[in-house]
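Spelled out from the first residue to the last, the chains are:
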Amino acid sequence: MGKFWQHALLVGSATTLLNACATVPAAKPIMTADLLIMSGTIVDGTGEDGYSADLAVSGDKIVFVGDALTSKISADETLDVSGMIVAPGFIDPHTHAGSDLDSDDANKRANLPFAFQGVTTVMVGNDGHGDTAVAAKAKQAGYQGIGTNAAYMAGLGHIRKAVIGDENRAPTNAELGRMKAMMTSAMCEGARGLSAGLYYTPQNFAQTEEVIALATIAAKFGGYYDTHMRDESTYNIGLVGALREAMEIGKKSGAPLHVAHIKALGPAVWGQSAKMIELIEQAQASGQKITADQYPWRASGTRISNALIPRWALDGGLSGLRKRLQDDQLRIRIRSEMSQGLKRRGGAEALLFTGSLGQANVSVGITLAQYADDKKLHPIDAAIEILKIGDSRVASFNMKPSDINAFASRDWVVTGSDGSTGHPRKYASFPKAYRDFVQEEKLLSLAQFVRRSSGKTADIMGLRDRGYLKAGKVADIVIFDPQKFTPVATYQDPRKLSTGVKYLLVNGAPVIVDGQYTGTLPGKPLLKETSC
C-alpha cells in the first residue's frame, strides 16, 4: 500500500508519517498488511469504552485489531497515532449533499464539509426529495468519483410530484398504482427506504394512508421509513399528533420508523420532548422499531416560505401563493396566519437570513427584523415582498437547550446534520455534538458519542459491513485529536471546515492525511442488496 503515503509526500508530511512506529518484531510475521495504525485509542462503535490497540488494513478491509507486536503483525507502512482516537468513520443519516455529489466539480464531489467532520458515509434523498432513479444516481457517482460513500432514499415528494404535481388532492387508484410502482423500482435498484417531508408542499397534501402504502413497499424489501414529520410545532396537527401519525405509519406498514432531526420547534411546544420520549419508548417496549437523528444546533434551517406561509396557501407552489396574494381577502387571511407562524418561530429577531433564492436579494447575516427595519416595513410585509420575487434561506432560532439535551441522552438517537447550504450544520454538526454533549454537558461518554455517530447509524441504515472497527469490516476510519476536534463554522460564516480530524480513510484509501485533503475520490454508492 505504498501509494497510500504518496499523498502524504505531496503535502510534506512524510517525515512525520512513514515508519513512525516501533520496529517490527524480528520473528517472522503471521500476517503482513498494507497499513498498520499503532498506539491509538480504539473506540470501536459498539458503545464499549476505548482501549489501546493497533489496527491493520489491507485493501479496503480491516484485517486485525489488537496488539500487533505479540500477534506478529507486520505492514508495508506504519502510522503511530499516540494520543489520537481511532474510530469507525462517522455516518450521517440525514443530509442534503446530493447536489454536491452529482456536481461536475470534483471539489464539490469530494464532500469535504462532511469529510472534515470525520464522516465517511452520507445518506441523500431525505425529507422526501430522493430521486427514484437510484441505479442511475449510483452509476453516475461511481463513474465521476465521490469523496465519501453515499446511500440513497426514495422520496415521497419526488414520487408525488412526478405523478400528481403540486396539487392538493389524493391520488386516483391508477395514480397510486404508478406511485407504488416507482417505489418498488427504487427499492429494487438499491434504495434504503422511503423518506418523507410531510410538512413540505406538496407532500403535506398526502394523507396518512397514502404514505402507509409506500412505506409498506419499503418494509417488504427490508427498508425503513424516514420522516420529517408533518408538524414539529403547532402548524397543523401539532408536534405530538405528528409523532403519533409517524408511529402509525411505521406500525401499519411494518417499516422501522426513523424520525428525522427530532426536535420541539418553537416556544409553544418547548418541553414536549418528555412526552415524545415517553411515547416512543412505550412503543419500543411493545416491539416497534423506532429511532431518530438529531443535530446539536438551537437553530433549524429552512426557507422563509416554509417558516411562515400556511400550507394551504402553497397549493401550486410559490406561483400559487403569488396568485393568492393578489386577492385582497386571501392576502388578509395569509397575512394573519403568517403572523401566527412568526410567533411560533420566536419573532422576527429569531429568523436569520443565510441566503437568497430566485430574484430575492437579502443580506446574509441579518435578521428579518433588521431587514424589515431597513425597508421600513412590518416584518410580515417584508417577508411577503421577498416571496413575490423569490425566497430566502433562514436559520430559525427556535429550540430550547433542555429539549435538545433530553433527546441527546437517549440511546435510540443518533447524530445527523441535516446539512444544507447556508447553515453551519453542514460543516460542523459532528464536532459540535462532541463538544456540547461529551466535553461540556457531559451527557455522553466518548464511546456513546462514537456509537451514535457510527455503529448505531450503520445498524439503522442496514450497512452491515461498516460502522465498527472489527476484522472483516470495511476500512472506513477516522482518526481525530480529542483536544482539537471542534466546530469552526458559525451562523455568520457557515462554510468553515471543522478541525481535529488528523486522518480519514474511506474504503481503505486516504482522504485526509495530516489534516489535509489528499485529492482522492474513493467513495462508493452503497446500494441495498435486494432479491428483485
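The structure under discussion appears in the preceding block.
Residue numbers run consecutively from 1 along every chain, following the written order of its sequence. Reporting of local features is limited, given that this is a predicted model, to residues whose pLDDT is at least 70; pairs of side-chain atoms are given and counted only at 80 or more, and all residues count toward the totals for whole chains, interfaces and linings. For the side-chain quantities, the full set of heavy atoms in the structure was used; hydrogens and water were omitted.

## Some remarks on the side chain of Thr148
Each helix is a run of DSSP H or I of at least 4 residues and each strand a run of E of at least 2, with the numbering of both proceeding from the N terminus. Looking at the secondary structure, you find Thr148 in the loop between α6 (134-144) and β8 (149-152). For this analysis, a polar contact is any N or O atom pair within 3.5 Å, provided that within protein one partner can donate a hydrogen and the other can accept it, and provided that sequence-adjacent residues contribute only side-chain to side-chain pairs. One polar contact links Thr148 to Asn111, side chain to side chain, over a distance of 2.9 Å. With residues up to four places along the chain from it excluded, the contact list for Thr148 reads Ala110, Asn111, Val119, Thr120, Thr121, Val122, Val506, Gly523 and Lys524. Here, two residues are considered to be in contact whenever any of their heavy atoms come within 4.5 Å of each other.

## Observations regarding the nonpolar core
In globular proteins that are soluble, nonpolar side chains generally tend to be buried together. For our purposes a nonpolar core is just a set of buried Ala, Val, Leu, Ile, Met, Phe, Trp, Tyr and Cys residues, chained together by side-chain atoms within 4.5 Å. Only protein chains enter the calculation, and the probe is 1.4 Å; a residue is then buried if its accessible area is under 20% of its type maximum, exposed if over 50%, and partly exposed in between. If you look at the biggest cluster of nonpolar residues, it comprises 96 residues, and the most contacted ones within it are Phe90, Met183, Leu194 and Tyr225. In this view, Met183 contacts Ala154, Ile159, Gly193, Leu194, Leu214, Ile217 and Ala218; residues no more than four positions away in its chain are not counted. Within the second largest apolar cluster, 27 residues are counted, among which are Leu314, Leu321, Phe353 and Leu368.

## Here we look at the pattern of salt bridges
The working definition used for a salt bridge is a side-chain nitrogen of Lys or Arg within 4 Å of a carboxyl oxygen of Asp or Glu. Applying the stated rule across the entire model yields 25 salt bridges. One salt bridge in this structure joins Asp381 and Arg335, with 3.0 Å as the shortest N-O distance. Here Arg335 lies in helix α14 (residues 328-344) and Asp381 lies in helix α16 (residues 379-389), a separation of 46 residues in the sequence. The class for Arg335 is partly exposed, based on a relative accessible area of 27%. Lys432 is paired through a salt bridge with Asp436; the nearest N and O atoms lie 2.7 Å apart. Placement of both Lys432 and Asp436 in helix α18 (residues 425-440) is noted, with a separation of four residues, approximately one turn of the helix. Assigned by exposure class, Lys432 and Asp436 land together as buried. Beyond isolated ion pairs, a larger network of salt bridges with shared partners links Lys432, Arg435, Asp436 and Glu440.

## Digging into α18
With 16 residues, α18 ought to run about 22 Å at 1.5 Å a step, yet its terminal C-alpha atoms sit only 18 Å apart, falling short of that. Within α18, 13 of the 16 residues are buried, which leaves it mostly tucked inside the rest of the structure. Lys442, located one to two residues past α18, shows a positive phi value of around 60°. Expected span of a helix, by definition, is 1.5 Å for each gap between consecutive residues, and there is one gap fewer than residues.

## Description of the pairing of strand β19 (residues 501-506)
Walk down a regular strand and you will see the side chains alternate between the two sheet faces. Most of β19 is tucked away: five of the six residues are buried. One requirement defines pairing of two strands: DSSP has to find at least two bridges between them. Relative to β19, strand β18 (residues 477-480) runs antiparallel, the two sharing four bridges. Each bridged residue has a counterpart across the sheet, and for Ile479 the counterpart in β19 is Tyr503. Pairing geometry for β19 and strand β20 (residues 509-513), over four bridges, is antiparallel. Within the sheet, the bridge partner assigned to Leu505 lies in β20 and is Pro510. Connecting the antiparallel pair β19 and β20 is a turn made up of two residues, with Asn507 showing a positive phi of about 55°.

## Quick look at the packing of aromatic side chains
Two rings from Phe, Tyr or Trp (for Trp, the six-membered ring) form a pair when their centres are within 6.5 Å of each other. A pair whose planes differ by under 30 degrees is stacked, one over 60 is edge-to-face, and the rest are tilted. Summed over the entire model, instances satisfying the criterion amount to 13 aromatic pairs. Residues Phe353 and Tyr371 carry aromatic rings whose centres are separated by 5.5 Å and whose planes lie at 75° to one another, so their mutual orientation is edge-to-face. A residue pair is termed long-range when its members are at least 10 positions apart, and Phe353 in strand β15 (residues 351-358) and Tyr371 in helix α15 (residues 368-375) qualify at 18 residues. Here Phe353 falls in the buried class, since its relative accessible area comes to 1%. Members of the aromatic cluster, joined through ring pairs, are Phe90, Phe430, Tyr434, Phe449, Phe480 and Phe485. In this scheme, Lys NZ or Arg CZ marks a charge over a ring once it lies within 6 Å of the ring centre and within 35 degrees of the ring normal. For Lys432, the ring lying beneath its charged end belongs to Trp297, and the centroid distance is 5.0 Å. Taking NZ or CZ as reference, Lys470 lies 5.1 Å from the ring centre of Tyr468, over its face.

## A short note on the sheet that holds strand β12 (residues 257-259)
Read across the open sheet, the six strands follow the order β9-β10-β11-β12-β13-β17; overall the sheet is parallel. Lying at the two open borders of the sheet, with one neighbouring strand each, are β9 (154-155) and β17 (413-415).

## Re unusual backbone geometry
Cis geometry marks the peptide bond from Thr201 to Pro202; its omega dihedral reads 5°. When you line up the elements, Pro202 lands in the loop between β10 (193-197) and α9 (208-220). Of note, the phi angle at Lys72 is positive, near 60°, even though the residue is not glycine. You can see Lys72 is positioned in the loop between β3 (61-66) and β4 (73-80). When its relative accessible area of 34% is taken as the criterion, Lys72 is described as partly exposed. Phi at Asn507 is positive, roughly 55°, even though this residue is not glycine. By the secondary structure assignment, Asn507 is in the loop between β19 and β20. Judged by relative accessible area, which is 8%, Asn507 ranks as buried.

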